[in-house]
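Structural features, examined
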Amino acid sequence: MLSLDMAFWTMAVVTVVSAAAVVLLKDVFRAALCLVLTFMVVAGLFVLLSAEFLAVVQVLIYAGAISILIIFAIMLTRDVHQGNPSNRFRYPALVLAALLLAAIVLVVIKTDWNQLDSRVLPGAPTEAVGATETGVKNVFSNTTPVIARLLLRDFVLPFEVASVLLLAAILGALALVREGEG
Amino acid sequence: MSLLHFQVLSAALFAIGVYGVLARRSAVLILLSIELMLNAVNINLIALAAYADTVRITGQVIAIFVITVAAAEVGLAMAIILRLFRHRSSVDVDDVDIMKW
């Protein structure tokens with residue numbers, strides 16, 4: 001458990017520091033690179049939470065596709081390279097973000113999350129899951145089939161709606177950047 | 001390492017994102033901050049799936065939907081930013097006030 005704790009603290013510190021760099025750095029390109037680092041470390045956190053499939057999706061979509069899009073946009077809009085001052089809301093924004101953080105932490109501590117006493121690790125026996133009578137196996141030893149069953153059975157309508165959303169987003173993006181009329 | 005740790009980490013990431021959205025002027029940097037906030041939400045969902053929903057890991061499925069919506073959102077936002085830059089030669093959100101009255 002100690003090595004897991006060490007991994008968690010390392011990744012938590014790197015996440016927060018690189019996320020702060022994203023919002024504080026003057027150079028937009030460096031901010032984007034820090035964002036890629038944040039995405040990769042968050043993928044590591046997903047592995048720590050035994051969500052391997054989500055970690056792979058995170059690396060493919062966030063660290064791959066979304067970062068490339070963002071770097072493209074930075075390169076195509078060159079004037080943003082010349083430094084980036086904050087707007088006049090800098091200190092109010094800082095206060096608001098701190099208040100939001102305090103409020104969320106307070107609510108998190110006060111709420112009863114109905115959680116198990118300790119994590120169910122991938123190798124744990126079925127009894128640890130707390131559902132032996134229903135015949136449920138330890139889902140964390142292999143999450144991908146469980147996710148597939150949920151996606152294609154219980155969540156099949158949102159799944160189809162997501163494909164329509166992606167199609168609409170592609171058409172909208174094409175219509176927006178098309179040269180010519182407009 | 002407990003659920004609380006992950007939730008506080010996620011709250012910190014979300015607050016950093018909120019600060020970025022409010023304090024930055026470049027539309028690109030605002031978009032980066034929104035991505036940070038979406039990632040914070042995903043950490044929260046997956047941590048709850050791992051600690052409190054160990055029979056049906058619904059949080060992981062909802063995280064997949066969040067990632068899908070984020071991908072669509074980035075594509076559209078990039079199109080809008082490029083269009084804006086072509087029109088005004090600037091991506092400063094303070095310059096974009098044509099829809100204000």
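Residues numbered from 1 in each chain as written. Chains lettered and ligands numbered in written order. Predicted model: local features only at pLDDT ≥ 70, side-chain atom pairs only at ≥ 80, totals over all residues. Heavy atoms only, no water.

Structural notes on the nonpolar core
Operational definition: Residues belong to one nonpolar core when they are buried, are Ala, Val, Leu, Ile, Met, Phe, Trp, Tyr or Cys, and are joined through side-chain atoms within 4.5 Å. Classification of residues uses two cut-offs on accessible area relative to the type maximum, computed with a 1.4 Å probe and protein chains only: under 20% is buried, over 50% is exposed, and between them is partly exposed. By definition, any uninterrupted DSSP run of H or I lasting at least four residues is a helix, any uninterrupted run of E lasting at least two residues is a strand, and each is numbered from the N terminus. Where each domain begins and ends is defined by an automated method or by a domain database. In what follows, a contact means two residues having at least one pair of non-hydrogen atoms within 4.5 Å.
Of all hydrophobic cores here, the largest spans 77 residues; its most connected members are Phe8, Leu45, Phe46, Leu54 and Ile70 of chain A together with Phe6 and Leu32 of chain B. Of all the secondary-structure elements, those providing two or more residues to this core are helix 1 (2-24), helix 2 (28-48), helix 3 (52-76), helix 4 (90-110) and helix 5 (143-154) of chain A together with helix 1 (3-23), helix 2 (27-51) and helix 3 (58-88) of chain B. With 14 residues, the top contributor of residues to this core is helix 2 of chain B. Counting only domains with at least three residues in this core, you end up with domain 1 (1-106) and domain 2 (117-182) of chain A. Setting aside its immediate chain neighbours within four residues, phenylalanine 8 of chain A contacts Leu45 and Leu48 of chain A together with Met1, His5, Phe6 and Leu9 of chain B.

Comments concerning helix 1 of chain A
What counts is decided by this rule: To estimate how far a helix should extend, the number of its residues minus one is multiplied by 1.5 Å.
In a regular helix each residue adds 1.5 Å, so 23 residues correspond to 33 Å; helix 1 of chain A covers 33 Å between its end C-alpha atoms and thus fits that length. Taken as a whole, helix 1 of chain A has its buried residues at Phe8, Met11, Ala12, Thr15, Ser18, Ala19, Ala21, Val22 and Val23 of chain A. Check the buried side of helix 1 of chain A and you find it contacts helix 2 of chain A together with helix 1 and helix 2 of chain B.

What to know about the packing of helix 1 of chain A against helix 1 of chain B
This is how it is decided: Every angle, taken between N-to-C directions, lies between 0 and 180 degrees, and every axis is a line fitted to C-alpha atoms, over only the stretch in contact when it is a helix. Each angle gets one of four labels, with under 35 degrees taken as roughly parallel, over 145 as roughly antiparallel, 65 to 115 as roughly perpendicular, and the rest as oblique. Charged residues are taken to be Asp, Glu, Lys and Arg, nonpolar residues to be Ala, Val, Leu, Ile, Met, Phe, Trp, Tyr, Cys and Pro, and polar residues to be all remaining types, Gly included.
Where helix 1 of chain A meets helix 1 of chain B, the closest approach of the two axes is 9 Å, and the angle between their N-to-C directions is 10°. It follows from the interaxial angle that helix 1 of chain A and helix 1 of chain B lie roughly parallel. Mapping the contact onto sequence places Phe8, Trp9, Ala12, Thr15, Val16, Ala19, Ala20, Val23 and Leu24 of chain A in helix 1 of chain A and His5, Phe6, Leu9, Ala12, Leu13, Ile16, Tyr19 and Gly20 of chain B in helix 1 of chain B. For the contact of helix 1 of chain A with helix 1 of chain B, the per-class residue count stands at 14 nonpolar, three polar and no charged.

Quick word on a nonpolar patch on the surface
All names here are of chain A. Heads up, the condition is: A patch consists of residues whose relative accessible area exceeds 30% and which take part in no salt bridge; residues with like charges are grouped when within 9 Å of each other, and nonpolar side chains (Val, Leu, Ile, Met, Phe, Trp, Tyr) when within 5 Å. Where accessible areas are quoted, they stem from the Shrake-Rupley method and a 1.4 Å probe; at the residue level, only the protein chains shown are allowed to cover. By definition here, a salt bridge exists when the distance from a side-chain nitrogen of Lys or Arg to a carboxyl oxygen of Asp or Glu is within 4 Å.
On the surface, a nonpolar cluster with roughly 460 Å² of combined accessible area is contributed by Leu152, Val156, Leu157, Phe159 and Val161. With four residues, the top contributor of residues to the nonpolar patch is helix 6 (residues 156-177). What makes valine 156 partly exposed here is its relative accessible area of 34%.

Observations regarding the interface of chain A and chain B
As a measure of interface size, the accessible area lost when the parts come together is often cited. Under the convention used in this document: Defined here as a combined quantity, buried area equals the accessible surface (1.4 Å probe) lost by two parts on assembly, summed across both. Counted as a polar contact is a pair of N or O atoms within 3.5 Å, where, for protein atoms, one must be capable of donating a hydrogen and the other of accepting one, and residues adjacent in sequence contribute only when both atoms are in side chains.
If you look at the interface, chain A gives 91 residues, while chain B gives 71 residues. Where chain A abuts chain B, roughly 7,200 Å² becomes buried across the two surfaces, and 77% of that area is made up of carbon and sulfur atoms. If you look at where chain A meets chain B, you find one salt bridge. At the boundary of chain A and chain B, one finds eight residue pairs in polar contact (both at pLDDT 80 or more). The set of elements that each furnish at least two residues to the side of chain A that touches chain B consists of helix 1, helix 2, helix 3, helix 4, helix 5 and helix 6 of chain A.

From the geometry alone we can't say anything about function, so treat these as descriptive.
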